[in-house]
Amino acid sequence: MAAMNLNRKKQRVDELAATTGARVEGNVDAGGIKDAEGVSLLASAWRRLRRNPAFLIGAVVVVLFVLVALFAPVLTGHDPSTRYLIGEVSQQNNPVPKARPGFPLGGDPVGRDLYARLVFGARNTLLVAVLATLTGFVGGLILGSLAGAFGGWVDSVVMRVVDIMLSLPSLLLAFSIAALFGRASQWSVILAVGIAQIPIFARLLRGAMMAQRHSDHVLAARSLGVKPGSIVLRHMLPNSLSPVLVQATMVVATSIIDAAALSYIGAGNADDTQPEWGQMLGQAQNLIDSYPHLAVYPAICIIVVALGFTLMGESLREALDPKSRR
Amino acid sequence: MSTQTTDIRPAPRADGDALLAVRDLTVEFGARKDPFRAVDGVSFDVRPGQIVGLVGESGCGKSVTSLAIMGLLPKRGNRISGSAVFEGTDLISLSDKQMRDRRGRDVAMIFQDPLSSLNPVIPLGIQVTEVMERHRGLKRKQAMPEARDLLEKVGIPDPNRRLKDYPHQLSGGMRQRALIAMALACQPRLLIADEPTTALDVTIQAQILTLLTDLVRDSGTALIMITHDLGVVAGMCDEVNVLYAGRIVERAARHDLFADPRHPYTYGLLGSIPRLDSPRGQRLNPVPGSVADNLPWTSACAFAPRCSQPIAQCREQSPELVETDPGLDGPRLLRCFNPITKETS
Ligand SMILES: Nc1ncnc2c1ncn2[C@@H]1O[C@H](COP(=O)(O)OP(=O)(O)O)[C@@H](O)[C@H]1O
Ligand SMILES: [Mg+2]
């Protein structure tokens, strides 16, 4: 079961990696007819993307999400950590204030504005997701470039470690890493979720770099005596990045979900003055029977945003995959 | 006739004259037990400023020969033997680092596919200056005006703007010109061109070949011109080596080879060049078969199965490359038991 999962993951990653790099294989001596589309691979990818509804929906969701995160203070006059309705909470035996003018979604169990918390929650959710993705990206960049650039035993050692990490579900990995930090904070969540994504990025980058190693332009650069360092940094790496960026889009979605899951199982950030959707969802679980809406709102936000990033990433991947081109 | 030509024949050259002397170059791929010889004991000379052709069908080992000379074959999975002495140094035995310092400075190479030979994410100017920075210690700022002049010299219009362009903004011909500029940026003494026009339109092909010939003649750079198309060789090479299944089967000066081909393979290749005076719509008659149905050279002539006039000996014995009666312009080497003569042709 785990092995099957690993193989599926590997295959996906490797296919994505193969979207870059060595174009000409074997002998093309006699032919000489070139793929006219090759002239502007990006342009043709964009042409297909523009007409793809999945990409458009994903892009709209992502853009809206980022806008909400950026302009949170404009969208609500309330502060997410002020207990506006604390009086009502302490007076009544009904601890969760209902919706009312100025509080379209009502309050949370300690009297803060639920709407304001959701809006500001977009901010931290974005922050956590982006920083976690960045952590995975940078870690994967270093490991993957090492393996892809040097090959040989460096490659074997690095990729063995990466494959072991890859064989664990990313959430389990993130939880284990989070458990290593004594007290959970926003940063421990970011690191745990991010480190769990390193193996995917590493494998992806290594695959793309390997393809670049045998590409024509790398051979041409070598034929001019360009040094190995420049070959890696100027010729291989920049050309290996497009599948990595596609993956990054999808990892943002995974990070949001993983961060929420960490909160849910109690490994999340306990300090809730700056709300985050996953954290809100995690805290709502005690009251889920009597007040399901406390969980439903952040859950919907998480699902929609994660779906948006996934749709965008998947359609990018398809657009860049030569096999899906016609 | 042959008595006349003996007088014109240049004295046999000592190795010392050669800029590059390739001797017994052999490249094997695959397992040691079951090796595949892509290049099998190839020897030839290139004198300073000379244009030497390396001709043969796809898969006969032209690219592998050039990559071996340049030290660009993969480190693993092949065995190289023989030597390629360039200005007194055997390139084959140089270390990676030593060879790297020579590539682009002393010997350079251009490839078949100009589209994929340029880095898609770096502007042209930076790619051209890269090689000057590397070998001549120039700063990019200093090198840029020179890169501009270089682009102009290879016939790229509006070079100032082109320096900032990315490869995909250039046509195929322009890209190959840019690659020629990069290869010649440090004035190497030897340039290897591996099918430089195969991926280009016919009209552009002629332009690029003319440019290449002019440039190397002007600068005194020697050129190894690799092609599967004898028509390309006809216009520019001083001497032509015909390669079949990893071995040289015939070598002669250009005019001798074209006027009086001796090897049936050469003869067949010549027959497959389209001619202006051939009737329209007439099928060309290329050499039948393909390199794939080779016999190994070990116990027979590898060309025998496709040959138009094989004799029994061709299937029993492997022919050696021997000097035969010289042509008008120079000596001639031939690997054939039953060569074409004026009467049979
Ligand atoms: N890296 C390699 N590994 C194994 N075989 C190779 C390799 N490179 C070339 N060959 C084989 O060597 C032969 C000669 O190839 P090549 O020199 O590229 O031919 P061409 O004359 O068309 O340039 C071909 O049969 C090819 O399949
Ligand atoms: Mg070739």
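Predicted model, so just to flag it, every value in this text is computed and none were measured. Counting from 1, residues in each chain are numbered in the order their sequence is written. To read the labels, note that chains go from A and ligands from 1, taken in the order they are written. The model is predicted, so local features are restricted to residues of pLDDT at least 70 and side-chain atom pairs to those at 80 or more, both for listing and for counting; the totals for chains, interfaces and linings are taken over all residues. Water and hydrogen atoms were dropped before computing side-chain values, which therefore reflect all heavy atoms in the structure.

J.: Got a sec to walk through the sheet that holds strand S6 (residues 107-110) of chain B? Specific residues and values, please.
T.: Strand pairing within a sheet occurs via backbone hydrogen bonds; the two strands may be parallel or antiparallel. Residues and elements named next belong to chain B. Any two strands with at least two DSSP-identified bridges between them are counted as paired. A helix here means a DSSP run of H or I that spans at least four residues, while a strand means a run of E at least two residues long, and both kinds are numbered starting from the N terminus. The sheet built from eight strands is open, its strands ordered S6-S7-S8-S3-S9-S10-S12-S11 with mixed pairing. Edge positions in the sheet fall to S6 and strand S11 (322-324), since each has one partner strand and no second. Along the sheet, successive strands turn relative to each other by an average axial angle of 25 degrees, direction set aside. The pairing of strand S3 (residues 51-55) with strand S8 (residues 222-227) spans five bridges and is classified as parallel. Pairing of Gly 53 across the sheet is with Met 225, part of S8. Interaxial angles span 0 to 180 degrees and are taken between N-to-C directions of axes, which are lines fitted to C-alpha atoms, for helices over the stretch in contact.

J.: Hey, could you go over the interface of chain A and chain B for me, with residue numbers and the actual values?
T.: Note on contacts: a residue pair is in contact if any heavy atoms of the two residues lie within 4.5 Å. On the chain B side, the residues contacting the 25 residues of chain A number 39 residues. Buried area, as used here, totals the accessible surface that two parts lose on assembly, with accessibility defined by a 1.4 Å probe and the loss added over both. Taken over both partners, the interface formed by chain A and chain B buries close to 2700 Å², and the fraction arising from carbon and sulfur atoms is 53%. Within this document, salt bridges are pairs made up of a side-chain nitrogen of Lys or Arg and a carboxyl oxygen of Asp or Glu, the two lying within 4 Å of each other. Put simply, chain A and chain B have one salt bridge between them. Among the salt bridges present, the one from Arg234(A) reaches Glu130(B), with a minimum N-O distance of 3.7 Å. For the purposes of these results, a polar contact is taken to be a pair of N or O atoms within 3.5 Å, where, inside protein, one atom must be able to donate a hydrogen and its partner to accept one; residues adjacent in sequence count only when each atom of the pair is a side-chain atom. Between the two partners, chain A and chain B, sit nine residue pairs in polar contact (both at pLDDT 80 or more). A breakdown of the residues in the side of chain A that touches chain B according to their chemical character gives nine nonpolar, nine polar and seven charged. Three categories are distinguished: nonpolar for Ala, Val, Leu, Ile, Met, Phe, Trp, Tyr, Cys and Pro, charged for Asp, Glu, Lys and Arg, and polar for the others, with Gly belonging to the last.

J.: Explain the pattern of salt bridges to me, and be specific about the residues and the numbers.
T.: Residue and element names in this part refer to chain B. Tallied over the entire structure, the rule returns 32 salt bridges over all chains. Glu 133 is the salt-bridge partner of Arg 140, the closest N and O atoms lying 3.6 Å from each other. Two residues, Arg 162 and Asp 165, come together in a salt bridge whose shortest N-O distance is 2.5 Å. According to the relative accessible area criterion, Arg 162 is buried, its value standing at 17%. Summary of the burial criterion: residues with accessible area below 20% of their type's maximum are buried, those above 50% are exposed, and those between are partly exposed, where the area comes from a 1.4 Å probe applied to protein chains only.

J.: Describe the sheet that holds strand S4 (residues 78-86) of chain B, with residues and values.
T.: Taken in spatial order, the four strands make up an open sheet running S2-S1-S4-S5 (chain B), and their pairing is antiparallel. One side of each edge strand has no neighbouring strand; the edge strands of this open sheet are strand S2 (36-46) and strand S5 (89-90) of chain B.

J.: Please give an account of the nonpolar core that cites residues and values.
T.: For this analysis, a nonpolar core means a set of buried residues of the types Ala, Val, Leu, Ile, Met, Phe, Trp, Tyr and Cys, connected via side-chain atoms within 4.5 Å. Counting 115 residues, the largest nonpolar core has Ile180(B), Leu223(B) and Met225(B) as the members making the most contacts within it. Tallying contributions element by element places helix H11 (residues 228-264) of chain A first for this core, with 13 residues. Each domain's limits were defined by an automated method or a database of domain assignments. Two domains share this core, each providing at least three of its residues, namely domain 1 (1-9 + 50-75 + 88-101 + 189-275 + 285-345) and domain 2 (117-187) of chain B. For Leu223(B), the contacting residues outside a window of four places in its chain are Gln50(B), Ile51(B), Val52(B), Leu190(B), Leu191(B), Ala193(B), Leu212(B), Val216(B) and Met236(B). Counting 36 residues, the second largest nonpolar core, distinct from the first, contains Leu25(B), Val39(B), Leu91(B) and Val107(B).

J.: A description of the UniProt feature "domain: ABC transporter" (unreviewed entry) in chain B should follow, citing residues and the corresponding values.
T.: With numbering matched to this structure, UniProt assigns "domain: ABC transporter" (unreviewed entry) to residues 22-270 of chain B. Counting secondary structure, residues 22-270 of chain B comes out at 41% helix and 25% strand; the distance between its end C-alpha atoms is 26 Å. UniProt positions are given in the numbering used here, feature names are shortened, and annotations may be inferred rather than shown by experiment.

J.: Lay out the UniProt feature "transmembrane region" (unreviewed entry) in chain A with the relevant residues and their values.
T.: Residue and element names in this part refer to chain A. Mapped onto the present numbering, the UniProt feature "transmembrane region" (unreviewed entry) falls on residues 54-75, 126-154, 161-181, 187-205, 244-267 and 295-316. Secondary structure within residues 54-75 divides into 95% helix and 0% strand; the distance between the first and last C-alpha atoms comes to 27 Å. The annotated region residues 295-316 carries 100% helix and 0% strand content, and the separation between its end C-alpha atoms amounts to 32 Å.

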